[in-house]
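Okay, here's what each chain looks like letter by letter:
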Amino acid sequence: MRVLLAGGAGFIGSHTAVALIEAGHDVVIVDNYSNSSEEAVRRVGQLTNTEVTHYEADVKDVDALNKIFDENKIDCVIHFAGLKAVGESVQKPIEYYRNNIDTTLALLEVMRSHNVKNIVFSSSATVYGSENKSPLTEDCKKGTCTNPYGWTKWMMEQILTDATVPDQDLSVILLRYFNPIGAHPSGLIGEDPQGIPNNLMPYVTQVAVGRREKLTVFGGDYPTPDGTCLRDYIHVMDLADGHVKAVEYAASRKGTDIINLGTGHPYSVLDIVHTFEEVNNMKLNYEIGPRRAGDLPELYSSAQKAKDVLGWEAKRDLADMCRDSWNFQKKNPQGYKK
Ligand code: NAD
Ligand code: WQD
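Residues numbered from 1 in each chain as written. Chains lettered and ligands numbered in written order. Predicted model: local features only at pLDDT ≥ 70, side-chain atom pairs only at ≥ 80, totals over all residues. Heavy atoms only, no water.

### Section: the site of ligand 2
The full set close to ligand 2 counts 18 residues, and Ser 124, Tyr 149, Phe 218, Arg 231 and Asp 295 are the nearest of them. Ser 124 is positioned with one of its side-chain polar atoms (N or O) 2.8 Å from an oxygen atom of ligand 2. At 2.8 Å from an oxygen atom of ligand 2 is found a main-chain nitrogen or oxygen belonging to Leu 200. The element contributing the most residues to the shell around ligand 2 is strand β8 (residues 215-218), with four residues. (Near = heavy atom within 4 Å. Polar contact = N/O pair within 3.5 Å; in protein donor to acceptor, adjacent residues only side chain to side chain. Helix = DSSP H or I, 4+ residues; strand = E, 2+ residues; numbered from the N terminus.)

In structure tokens:
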């Protein structure tokens, strides 16, 4: 299949591009590099020994998309293109709603005019809200989000689902990711956030490489075994493999389906810190600080449906995630910047 990756130069998109090419698919990457670098695309080419077709374009731009769809016969779209920083979304709600919703609408319009019937969407465990109890299954009711980022995912799931009503040939797969970390084992591609990282693992690796002085563990008094929050961390290479299965599944069916991509195993913040120290043979400078507003004590998936429906399950463990995250950061101390 020829798969268009909207936002394909980003963290998850670049790893998925490698996995798709290795599985024998063609990819077309469209990205405006608002949170990524063309260098990531170049390295996808290097890793796969291919010329990767790519366009610098805004996915909100229907004219630009029309041209790309005219030039490439697309079988499936994966929609990664979104703004994703929870805290920033509270400060910039209009930018978040505009970017995330408009990219989705533009893709659906251009898919319709080009008769493209398959779309896989990057949703998030954030849509479960705080009302549901882990392990989270896909049939839990969507919850109340606490920030505009979460609401954009909630709304985009609804928009995509509604689009399957008038077009009964449309296939929509909503993938709800848990906490993706890790990097390609080569250390050539990985996570490269701009500015101060919001997420745990990039903060840890930037402390390890000396770009930040100290990690603050947000809260040590949660009702969990070691007092720190539990999350479902998943290796980005496993996530990438899940997308290959999802694209193939999308093409085999019609209508909407929802699938969690997680490992089903909860790990604490201190599990991450200590595993990182152990596998990379180093000490991390950290302290236990106050809780961060909005964090839930535990959030992890039931990974059963992905196994049943996609025949996919995560293979890499926490040690692999910590080793590969550090390998990328060590080899690219300033990320993709020279
Ligand atoms: P990322 O920021 O690395 O990748 C997103 C890519 O989309 C970037 O390359 C960015 O430049 C591009 N982009 C954004 N708006 C665009 C636009 N209007 N036009 C063209 N390109 C645009 O993020 P990621 O971690 O790879 O996440 C990919 C998707 O998965 C996002 O939609 C995110 O919300 C979702 N998601 C991520 C996580 C996570 O923890 N990383 C968890 C759940 C869901
Ligand atoms: C993980 C744990 C923090 C930073 C977010 C989004 C979610 C999804 C994934 C997109 C928590 C703790 C963190 C630090 C810390 N993204 N932490 N010190 O909050 O589970 O999920 O990313 O859809 O929607 O909300 O991930 O990496 O921010 O935090 O102690 O400096 O690490 O409190 O327990 P989170 P995270």
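### Observations regarding the sheet that holds strand β9 (residues 230-231)
Taking strand neighbours across the sheet as the criterion, the three strands line up as β12-β9-β14 in an open arrangement whose pairing is mixed. Strand pairing shows two members of the sheet lacking a second neighbour, β12 (267-268) and β14 (298-299), which therefore form its edges. Pairing analysis gives two bridges linking β9 to β12, with the strands arranged antiparallel. Looking at β12, one finds that Arg 231 is bridged to Tyr 267. (Pairing = 2+ DSSP bridges.)

### Quick word on the sheet that holds strand β1 (residues 2-6)
The parallel open sheet is built from seven strands, whose spatial order is β3-β2-β1-β4-β5-β6-β11. Across the chains shown, the open sheet's two edge strands, defined by having one partner strand only, are β3 (53-56) and β11 (255-261). Strand-to-strand, the axes of this sheet are offset by a mean angle of 20°, without reference to chain direction. Where strand β6 (residues 171-177) and β11 come together, seven bridges link them in parallel fashion. Its bridge partner being in β11, Val 172 is matched across the sheet by Thr 256. (Axes fitted to C-alpha atoms, helices over the stretch in contact; angles between N-to-C directions.)

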